[in-house]
Every structure is written in structure tokens, then in C-alpha cells.
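# Commentary on secondary and tertiary structure
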Amino acid sequence: MSSKATRAPALEALSFEPRTRSLDAGLAARASATAALYAEADADQEAFWARLARERLTWSTPFGVTLEWDPPFAKWFVGGELNVAYNCVDRHVERGLGEKVAYHWIGEPGDTRTLTYRDLQGEVNRAANALLELGVRRGDRVAIYLPMVPELPIAMLACARIGAAHTVVYSGFSAEALADRINDARATVLVTADGGWRRGRRVGLKHHADEAVASTPSIRHVVVVGRLGDGAHMVDGRDHWWGELVGRQSDRCDPVPVDAEQVLFLLYTSGTTARPKGIVHTSAGYLLGCSFTHATVFDLRPDDVYWCPADVGSITGHSYVVYGPLANAATGILYEGAPDTPDWDRWWQIVEEHRVTLLYTAPTAIRAFMRQGQAHPRRHDLGSIRLLGTGGESITPEAWRWFHEHVGGSRAPIVDTWWQTETGSIMISPLPGVTVAKPGSVARPLPGIGAEIVDGSGNPVAKGGGGYLVLTRPWPSMLRGIHGDEERYRQTYWSRFPGRYLTGDGAKRDEDGDVWLLGRVDDVINVAGHRLSTIEVETALADHPAVAEAAVVGRTDDVAGQAVFAFVTLEAGHAPSDALAVQLREHVAYAIGPIARPAYLLFTPHLPRTRSGAIMRRLLREIAEGRSPGDTSSLADAGVVETIREHAGRAED
Ligand code: PRX
């Protein structure tokens, strides 16, 4: 299908609504960040990051030059060596925090496991020794495909300990998606599980792993966590039970000092083509970004109980469930299951039981809770919460207010955090006690981060105007590239405005200079906080023998933010039917994962095209939203729109 890259809708036309202010009452006096941080960073950005890198990270070899910037390639903390697992675990044990809880893990059926920093150290070392036994060496890639079990962060840290890179694939992704990622990364070992619990059901995973591994020649070993204990089909010589393999290892494994720029992980995310991009993150700069922002944006204190319910397979999970919190010796919660199991108060019950003080989640979750009403949070004492965070999508004022009132007791401030898989850590956010928060605005760039909103020619827009959000300076946790595709890295992020990083988001700055996000300006949609490429879904649909072509757009959705809306034309000899619609939906879920399954699927005899042959997505977006498609003068056959609109009333929900 069309692989046309960035198409920009008129940014001014997107919604913008100034909203009321809310002050972070009472926080200013105690908050861990101060306004002085902005001044320090403005005065000398490199000196600022160098100071933080020396203070926040433990180095085995100190770095020399802070930044080598050969646009668009950055090297941070040049010559420095450190070990990320050591920074996240051992150093805390060495300074007397061995008995501090790193994770309270809660299984969906109610089983629990508590891991102190000392426990984590032993587990990580054993797992690292197991990887070494399987032949994994520094620089190798290990794929991890696990549900939310403690072995997930343990496996990530085990890789970091021996200098191997991990690539975590969200366990909701299909076998095909897993195979693609393994092949792109050329991973040699896969860590997976027999399955996990989801909504009261046992959900198998190993069969997906087996199906994937059938087409991944690089995989030599598969390590299987026995979460369900039902047994699994094991291939002799290739498959190993985690319990046996890891269980027999020594709990000592010296951390390997690695270069500051050693690859820590690859994380695949959707771009504007059918092929997901393997975003490359390295060690020291990434860890610094996570640890600094986790401490300052969430105003972390030693006795906090912090909970970010995001899946570890997402960048939010990497940065704010694993690396940031652990680098800061925080106590966190890991919950395996669904928010509605056994009932919609499951999260609030966990907050009450563990006296959670900081909760960082996504607007999709908040909207889902809103739908269920206030009775659920009301049933529990949420008085321990002192700060709330949100991010990943825009939050509406209604959801903001609900979160503030019913979860935050109208007391806890909310930080709305803007960032991306590529940025590694939070870039734009209020700072508690420093910034005045406005519901719906992400406030201003954090200290050390340069962001601007520019027009199509790259000139900063006037206050009140909309434009492209760009980042103007390199930052320590920035992506270092797209795995195996330097050209795509240059093209995607650095070619539109040379020297500046293109985020792909539209934004607006208000009279006070605060930033408001306006949505994507490319063919990426955000479904329940998951980034999806419309072209990836189109390609999956077009793969089906009945499909001639498909066009996919996002449609506003009350809960998920956006829902997948697919327009499908059929090959001759195939007729639209409910059964075919179901089949096509499942086909997409199989190819990409359930999150990409179209919520709406409309059979249409034609797709609207411009005279040059490009599919008119703007028009399709408007039809999907049920709006009038406006100007169609560039359309090759204006009658097509009428036909589609007639059908649109019948799109399946
Ligand atoms: O469009 C922006 C949206 O999520 C995209 C990044 O998605 P992903 O790489 O999955 O990273 C999620 C990490 C939070 C962005 O390009 N986005 C992220 N945060 C916000 C947001 N949109 C509005 N407000 C936010 N706070």
C-alpha cells in the first residue's frame, strides 16, 4: 500500500482549548527538583548533564568528553565505562539497601512474590550465568517474550550484566511479529514462558514462541519460565526450563564494565512504513535520562511506593518500571493481570494494600475506569497517593478531573509527561513544586531539553500558534539509531529540519509558553497507548487473498483514544460479508497482535484517490469520524466519496 511518509493536516484545525489552572499546593517546599535546575541547564547544558552523570551513576571508568555531536549521531560520556545492572541493583545492596523491597509482584490470581534488592541481585546473577552457559556474550542480542512476571526485569538485567542487548517483545504480540523482531535483531536466545494469567484465564504463550522460532534461524536456545506449571512442549537441546537452568547457577556473576555507548536494548516501534523500527538505546545516557526524570518528575522520596502499571514490553515499562526506578533504588509494584479482574477495583485494592504513593498511568486506563464509575475507587482508601502521573496520549480535561478527584483525592498533583520510545525518557512535563500545572498541557521541556514548535519552514511559531514539535538539542537518552538502517534514521527524524529531531507530533504553545500536544502529523495512530502504523495494518489486510487494497485511519474512541478504522476493497470474486469481516479482523490480529484488530471495517468498492493516485486519508479520516469530508476538488472521482459515505453508516462496530 502507499508508503507516503509525513502528511500534515492543518495543525491549527486541531482542537485547542485553554483550561483552568491547578496549583501544586504544598509541594514546593519539599519537592526534589528546584527551579535552579532550569537555570543551571540553560547556562551550560553539557556541564549540567556531566554533573548529573557523575552524581547519579556509578562508573568503573570515568568519562572524558561529555558529548560528541556529529549530527545526527551523538555519543554521550565518551570513554566512560559502567554496568547498568550494577547501577540498578548491586550498588544499592553495597550501601545497605539490600533488604529494601525492589518489587512487590502480584499475580492475577492473587499469588505474590516480594523481591528485595538482595534477592534481585541473586536472581539477576543466576540468570546472567545461565545466559553465559548458553553462549551469550557481550554485544549479542537476547529476545524476551514474557508476561508480567518477575523474570521479565530479571532477564533484562541479566543481559545488561553481561553486556548483551535485549529486545523485549510485548507478550500480546503475535508469533509473526515476534519472528520479525527476532530476525531483525538476529537474537540468539529467546526467553519466554509457558503462559500467564489474563482475566481469570490461563493464556498460553509457548506455542506462539514455537511458531515464531520455526522461522528464526538465529535462535539457538529457548528458555521457558514455568508460570502456569502446566508443562509445555519442549524441544530437546534447544528448550530449557528457567527453573532448572537458572536454578542450578551460582548467584555470583561479576558485572561486565561496558562502554557508555554499548547498546543496552533494541525496542521495536511502529513508524510510517510497514516495517517496525528497532530503536537503539545505549547504556549510560539512557540510564541517566531514566533515573533523573524518574526522581524529579515524580518527586521520588526514599519511602515512596511507586507503581507504573504499564507493560514492561513498552518503553514506559523499560524506563519507568525497570531502569529508572531501579537506578533510584525505588520500591515498585509489578502486577501481572488485568485491571478488571476479579473486578474493576483491582488497582485500587492494590494501592490500598501496598500504600502506593506515586501512580503513573495512561489516559486510556483512566478513561476505562471513568466508565466504570466512582464506586470502585471509593471502596478503597487511596489516601496514600501523593502524586499522579499520566502520559503516552493526551488527557482530556474530563479524564484529568476524574483522576484528580477520584484517585488523587483532589489533593495529589498530576504530572502529564510527553515523550516517545525514541526519546528514552520524559522530555516535556511539569515539575512538581516548580511548575504550575494546567490540565491538558504538558507544560515545558525539562531542564537540559530543548524543544520548539516550528512551522513548515522550520521557523518557531508565535505564541498561540500550532506547528511541528521538534527537539533542538541532543539529549543523553536519545535513540542512537534504527537497528540496521542508518538511512531510515536520518530520513525519519533528521531530514525535515536538519539538525533538529522531528517528533512526528503537532503541538501548540500558549500565551505562557506552555506546550499542548495536538496529535500525530503522520500515519501513526495511538490505540490504547500503543503506537500503530496505519500502513502496517494496511499491509496485513492486503496480505489476505480476498483483499485488493485497504486504507486504515484512526477514529476517535472514548476509551482507547483512537480506534482502527479500515476501508477495504475486495478482489473480484469476493463479496462483502460479516463472516469475511470477522476473518479479516482476525487476520490482522494474527499478523500484528490483538491491539491492531480493526474496531471498524468497511467494505467499499473504491478508495478515494487524488489525480496523482495517492489515497486521500484526510477524507477517509473525516468519513471515519462521521464528519463532512469538505473539499474534494483534488479527488479523481468525487462520486467515490458519496459511495463510501453511504456505506460508512454500515461500518461494523
Ligand atoms: O504522539 C505522542 C504520544 O505518544 C507518542 C509516543 O508513543 P510511544 O513511542 O509509544 O511512547 C510512549 C511513551 C510515553 C508521541 O509521539 N504521546 C506521548 N506522551 C504524550 C503523548 N501525547 C499527548 N500527551 C502526552 N503526554
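## Focus: the environment of Trp-400
- Position of Trp-400 among the secondary structure elements: in helix α14 (residues 397-407).
- Classification of Trp-400 by relative accessible area gives buried; the value is 5%.
- Between the alpha carbons of Trp-400 and Thr-390 there is a distance of 9.0 Å; along the sequence they are 10 residues apart.

## A word on the sheet that holds strand β18 (residues 358-361)
- Taking strand neighbours across the sheet as the criterion, the 7 strands line up as β5-β4-β17-β16-β18-β19-β20 in an open arrangement whose pairing is mixed. Each edge of the sheet is formed by a strand with only one pairing partner; in this case those strands are β5 (112-116) and β20 (414-417). With direction set aside, neighbouring strand axes in the sheet form an average angle of 20 degrees.
- Strand direction decides the pairing type here: strand β19 (residues 387-391) and β20, joined by 4 bridges, are parallel. Residue pairing for β20: Gly-389 is matched across the bridge by Val-415.
- Each of β4 (101-106) and β5 is contacted by helix α4 (residues 117-133), which is oriented at about 90 degrees to β5, the strand it contacts most.
- Across the sheet, helix α11 (residues 346-354) touches β4, β16 (305-307), β17 (331-335) and β18, and the angle it forms with β17 is around 150 degrees.

## A few points about the pairing of strand β2 (residues 73-76)
- The alternating pattern of β2 places Ala-74 and Trp-76 on a buried face, while none of Phe-73 and Lys-75, on the opposite face, is buried.
- In the sheet, strand β1 (residues 67-70) pairs with β2 via 4 bridges, with the strands oriented antiparallel. Within β2, the position partnered with Glu-68 by the bridge is Lys-75.

## What about the site of the ligand?
- Around the ligand, a shell composed of 18 residues is seen, among which Thr-417, Thr-421, Asp-505, Arg-520 and Arg-531 lie nearest.
- Within the side chain of Asp-416, a nitrogen or oxygen atom sits 2.8 Å from a nitrogen atom of the ligand.
- Contact distances for the ligand include 2.7 Å between a nitrogen atom and a backbone N or O atom of Thr-417.
- Notes on the ligand: free accessible area 540 Å², of which the protein chains cover 93%.
- Of all the elements in the fold, those that place two or more residues in the shell around the ligand are α10 (315-327), β20 and β25 (515-520).
- Here the residues of the shell around the ligand sort into 5 nonpolar, 8 polar and 5 charged.

## Some thoughts on helix α12 (residues 363-372)
- Where burial is concerned, most of α12 is hidden: 7 out of the 10 residues are buried.
- Residues of α12 that are buried: Pro-363, Thr-364, Ala-365, Ile-366, Arg-367, Ala-368 and Phe-369.
- Packed against the buried residues of α12 are α11, β18, β19, α14 and β29 (561-570).

## Regarding the packing of aromatic side chains
- A full pass over the atoms with the stated rule returns 32 aromatic pairs.
- Judged by centre distance (6.3 Å) and plane angle (65 degrees), the ring pair of Tyr-489 and Trp-494 falls under edge-to-face. Of the two residues, Tyr-489 and Trp-494, both sit in the buried class.
- Taking the ring centre of Tyr-38 as reference, the NZ or CZ of Arg-444 above it sits at 4.2 Å.
- The ring of Tyr-468 carries the charged tip of Arg-496 above its face, separated from the ring centre by 5.1 Å.

## Describing the confidence of the model for the chain
- When the pLDDT values of the chain are averaged, the result is 91; 92% of them are 70 or greater.
- For residues 1-23, every residue scores under 50 in pLDDT, and the model assigns this stretch 55 contacts once sequence neighbours within four places are set aside.

## Quick notes on the pairing of strand β27 (residues 530-533)
- One ladder, built from 4 bridges, connects strand β26 (residues 524-527) with β27; its direction is antiparallel. Bridged to Val-524 within β27 is Ser-533.

## Examining the nonpolar core
- Core analysis: the biggest nonpolar cluster contains 115 residues, and Phe-77, Phe-298 and Tyr-323 have the highest contact counts within it.
- At 9 residues, helix α5 (residues 151-162) tops the list of elements feeding residues into this core.
- Beyond its immediate chain neighbours, meaning those up to four positions away, Tyr-323 contacts Val-84, Cys-88, Met-156, Leu-157, Ala-160, His-166, Leu-264, Phe-265, Tyr-286, Leu-287, Cys-290 and His-318.
- Val-305, Ala-365, Trp-400 and Val-559 belong to the second-largest nonpolar core, a separate cluster that totals 28 residues.

## Digging into the side chain of Asp-510
- Tracing the backbone through its elements, the reader meets Asp-510 in the loop between β24 (501-509) and β25.
- Here Lys-438 takes part through its side chain, which lies 2.6 Å from a polar atom of the side chain of Asp-510.

## Quick notes on the packing of helix α3 (residues 84-97) against α5
- Contact geometry of α3 with α5 gives a least axis separation of 7 Å together with a crossing angle of 120 degrees. Touching Val-84, Ala-85, Tyr-86, Cys-88, Val-89 and Asp-90 of α3 are Leu-157, Ala-160 and Arg-161, all from α5.
- Among the residues forming the contact of α3 with α5, the class breakdown is 7 nonpolar, no polar and 2 charged.

## Comments concerning the state of the cysteines
- Inspection of the entire model under this criterion finds 0 disulfides.
- As a non-bridged cysteine, Cys-88 has Cys-290 as the owner of its nearest cysteine sulfur, 8.6 Å distant.
- We classify Cys-88 as buried; its relative accessible area is 0%.

## Section: the sheet that holds β25
- Strand order in this open sheet of 4 strands is β21-β22-β24-β25, and the pairing throughout is antiparallel. Of all strands in the sheet, those with a lone pairing partner are β21 (451-454) and β25, marking the two edges. Pairs of neighbouring strands in the sheet enclose a mean axial angle of 45 degrees, with direction left out of account.

## Some details on unusual backbone geometry
- In the segment running from Pro-71 into Pro-72, the intervening peptide bond is cis, with an omega of 0 degrees.
- Relative to the helices and strands, Pro-72 is located in the loop between β1 and β2.
- Here the residue pair Thr-341 and Pro-342 is connected by a cis peptide bond, since its omega of 0 degrees sits within 30 degrees of zero.
- Backbone geometry at Ala-443 places phi at a positive 70 degrees, although glycine is not the residue there.
- By secondary structure assignment, the location of Ala-443 is in the loop between β20 and β21.
- For Ala-528, which is not glycine, the phi torsion reads 50 degrees and is therefore positive.
- With respect to the element layout, Ala-528 can be found in the loop between β26 and β27.

Parameters and conventions
Residues numbered from 1 in each chain as written. Predicted model: local features only at pLDDT ≥ 70, side-chain atom pairs only at ≥ 80, totals over all residues. Heavy atoms only, no water. Helix = DSSP H or I, 4+ residues; strand = E, 2+ residues; numbered from the N terminus. Buried < 20%, exposed > 50% of the residue type's maximum accessible area, 1.4 Å probe, protein only. Pairing = 2+ DSSP bridges. Axes fitted to C-alpha atoms, helices over the stretch in contact; angles between N-to-C directions. Contact = heavy atoms within 4.5 Å. Near = heavy atom within 4 Å. Polar contact = N/O pair within 3.5 Å; in protein donor to acceptor, adjacent residues only side chain to side chain. Areas by Shrake-Rupley, 256 points an atom, 1.4 Å probe, with all protein chains shown as cover. Nonpolar A, V, L, I, M, F, W, Y, C, P; charged D, E, K, R; others polar. Phe/Tyr/Trp six-rings, centres within 6.5 Å; stacked < 30°, edge-to-face > 60°. Lys NZ or Arg CZ within 6 Å of the ring centre and 35° of its normal. pLDDT = per-residue confidence, 0-100. Core = buried A, V, L, I, M, F, W, Y, C linked by side-chain atoms within 4.5 Å. Disulfide = S-S within 2.5 Å.

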